[in-house]
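# What the coordinates show
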Amino acid sequence: MRTAHPGTRRVPATDHKKVPATPFLIQVLEDAESIDLREIQVHPDHQGKQLGQTLIRDAIQRATASGKPLVLSTGLKNLRAKALYERLGFTVTGQSATHFHICFVGEEA
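So, a few notes on the structure that sits alongside this text.

Rules of the game
- Residues numbered from 1 in each chain as written.
- Predicted model: local features only at pLDDT ≥ 70, side-chain atom pairs only at ≥ 80, totals over all residues.
- Heavy atoms only, no water.
- Salt bridge = Lys/Arg side-chain N within 4 Å of Asp/Glu carboxyl O.
- Helix = DSSP H or I, 4+ residues; strand = E, 2+ residues; numbered from the N terminus.
- Buried < 20%, exposed > 50% of the residue type's maximum accessible area, 1.4 Å probe, protein only.
- Polar contact = N/O pair within 3.5 Å; in protein donor to acceptor, adjacent residues only side chain to side chain.
- Phe/Tyr/Trp six-rings, centres within 6.5 Å; stacked < 30°, edge-to-face > 60°.
- Lys NZ or Arg CZ within 6 Å of the ring centre and 35° of its normal.
- Core = buried A, V, L, I, M, F, W, Y, C linked by side-chain atoms within 4.5 Å.
- Contact = heavy atoms within 4.5 Å.
- Arc of directions from axis to C-beta.

### Topic: the pattern of salt bridges
Applying the stated criterion across every chain yields a total of four salt bridges. Two residues, Glu30 and Lys68, come together in a salt bridge whose shortest N-O distance is 2.7 Å. Placement of Glu30 in strand E2 (residues 24–30) and of Lys68 in the loop between helix H1 (51–66) and strand E4 (70–75) is noted, with a sequence separation of 38 residues between them. Residue Glu30 is classed as buried on the basis of its relative accessible area, which comes to 18%.

### A word on the side chain of His43
Tracing the backbone through its elements, the reader meets His43 in the loop between strand E3 (35–42) and H1. Reaching out from His43, the side chain makes a polar contact with the backbone nitrogen of Asp45 at a distance of 2.9 Å.

### Description of unusual backbone geometry
A positive phi angle, close to 65°, is found at Gln50, a residue other than glycine. Structurally, the position occupied by Gln50 is in the loop between E3 and H1.

### Details of the packing of aromatic side chains
Tallying each qualifying case throughout the model produces two aromatic pairs. Feature note: the residues Tyr85, Phe90 and Phe104 constitute an aromatic cluster, connected by ring pairs. A cation over a ring is seen here: Lys82 above Phe100, with NZ or CZ 5.1 Å from the ring centre.

### What to know about the nonpolar core
Core analysis: the biggest nonpolar cluster contains 20 residues, and Leu37, Ile56, Ile60, Leu70, Tyr85 and Phe90 have the highest contact counts within it. Secondary-structure elements contributing two or more residues to this core are E2, E3, H1, E4, helix H2 (79–87) and strand E6 (99–104). Among the elements that make up this core, the one with the highest residue count is H1 (five residues). The contact partners of Ile56, leaving out residues within four places of it in the chain, are Leu37, Ile40, Leu84, Tyr85, Leu88 and Phe90.

### Considerations on H2
Three or more residues of H2 are buried, namely Ala81, Lys82, Leu84 and Tyr85. For H2, the angular spread of the buried residues around the axis is 160°, confining them to a single face. Exposed side of H2, more than 90 degrees from the buried face: Leu79, Arg80 and Arg87 are the residues found there. Where H2 terminates, the next one or two residues include Gly89, which has phi positive at roughly 105°.

And the structure:
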């Protein structure tokens, strides 16, 4: 059974014109075998400020401390995100028709 990781913050998507922007959304799930980075989004007004990288590095530290792999998927068209994950030490472990499957095991780059 997967459970939300302590500190997980789930922020609903909203119409940005009606509700003040929330800088980020992240959802991390953990089970006995792995930690799954299910969703990470950085509001466009906050992109390019290393917020996403900081969130990912925090997830890497939690996974490393627990001895579990950190897994995620990203869309095949999202090459910018894929490049970021690879710079941080992730490896592509597979691919579906729509997503790269990516895993971090070991030392951070």
